[in-house]
Amino acid sequence: QVQLVESGGGLVQAGGSLRLSCAASGRTFSSYAMGWFRQAPGKEREFVAAISWSGGSTYYADSVKGRFTISRDNAKNTVYLQMNSLKPEDTAVYYCAADLRFGRVKVGAPDSWGQGTQVTVSS
């Protein structure tokens, strides 16, 4: 497993942008597929985006396609989520996740989770 720490959350107006970061510990970060999930109040946690170990493959929830971009920098042990054109319905706690298997991240069953960072989008 890896240790994950998210940052970059905050309050933004609708239509604005935020970039989340997730720093991972360990020397094997480049072996892990990474993902972002979110949980809004009163709702179940849902998949947002995933990226393969190399960054060559990405996968998005339909609700964020065209607005969010996941990327990674293996030299910095960090994965990012660039969020543009934010909507009030994007308000949630955003979690970073990791697993050696891309498929497990895509289906929401990764081995490692971060503690989450709050994103609030005002209308």
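Residues numbered from 1 in each chain as written. Predicted model: local features only at pLDDT ≥ 70, side-chain atom pairs only at ≥ 80, totals over all residues. Heavy atoms only, no water.

**Q** Which residues make up the packing of aromatic side chains, and what values do they have?
**A** Evaluated as defined, the whole model comprises 3 aromatic pairs. Measuring from centroid to centroid gives 5.5 Å for F37 and F47, while their planes differ by 75°, and the two rings are edge-to-face. One end of the pair, F37, is in strand β4 (residues 33-39); the other, F47, is in strand β5 (residues 46-51), and 10 residues separate them in sequence. The same class applies to F37 and to F47, which are both buried. Consider the rings of F47 and Y59, whose centres lie 5.5 Å apart with planes at 40°: the pair is tilted. A residue pair is termed long-range when its members are at least 10 positions apart, and F47 in strand β5 and Y59 in strand β6 (residues 58-60) qualify at 12 residues. Since its relative accessible area comes to 16%, F47 is described here as buried. You can call Y59 partly exposed: its relative accessible area is 38%. Its guanidinium or amino end placed over the ring of Y95, R45 lies 4.9 Å from that ring's centre, counting from NZ or CZ. A cation over an aromatic ring shows up here: K106 above the ring of Y59, its NZ or CZ 4.5 Å from the ring centre. (Phe/Tyr/Trp six-rings, centres within 6.5 Å; stacked < 30°, edge-to-face > 60°. Helix = DSSP H or I, 4+ residues; strand = E, 2+ residues; numbered from the N terminus. Buried < 20%, exposed > 50% of the residue type's maximum accessible area, 1.4 Å probe, protein only. Lys NZ or Arg CZ within 6 Å of the ring centre and 35° of its normal.)

**Q** How would you explain unusual backbone geometry if you had to name every residue and give the values?
**A** In most cases, non-glycine residues show a negative phi, while peptide bonds are predominantly trans. You will see that N77, though not glycine, has its phi angle at about 55°, which is positive. Here N77 shows up in the loop between β7 (68-73) and β8 (78-83).

**Q** How would you sum up the pattern of salt bridges? Please name residues and give values.
**A** A side chain with one charge may pair with a side chain of the opposite charge, provided their charged atoms come close. In the structure shown here, the tally under the stated rule is 8 salt bridges. The closest approach of N and O atoms between R104 and D99, which form a salt bridge, is 3.3 Å. The exposure class of R104 is partly exposed, given its relative accessible area of 31%. Using a relative accessible area of 0% as the deciding quantity, one classes D99 as buried. For D111, the salt bridge is made with R104, and the minimal N-O distance between the two is 3.8 Å. Using a relative accessible area of 38% as the deciding quantity, one classes D111 as partly exposed. (Salt bridge = Lys/Arg side-chain N within 4 Å of Asp/Glu carboxyl O.)

**Q** Break down the layout of surface pockets for me, with residues and values.
**A** Here the largest pocket defines a volume of roughly 150 Å³. Residue lining of the largest pocket: R38, Q39, A40, K43, E44, E46, P88, E89, T91 and A92, and that is the complete set. Its residues assigned to classes, the lining of the largest pocket comprises 3 nonpolar, 2 polar and 5 charged. (1 Å grid on protein atoms, 1.4 Å probe; cavity = no way out; pocket = protein on both sides within 12 Å on 5 of 7 lines; lining within 4 Å. Points joined across faces, edges and corners; volume = space filled by probe spheres on them. Nonpolar A, V, L, I, M, F, W, Y, C, P; charged D, E, K, R; others polar.)

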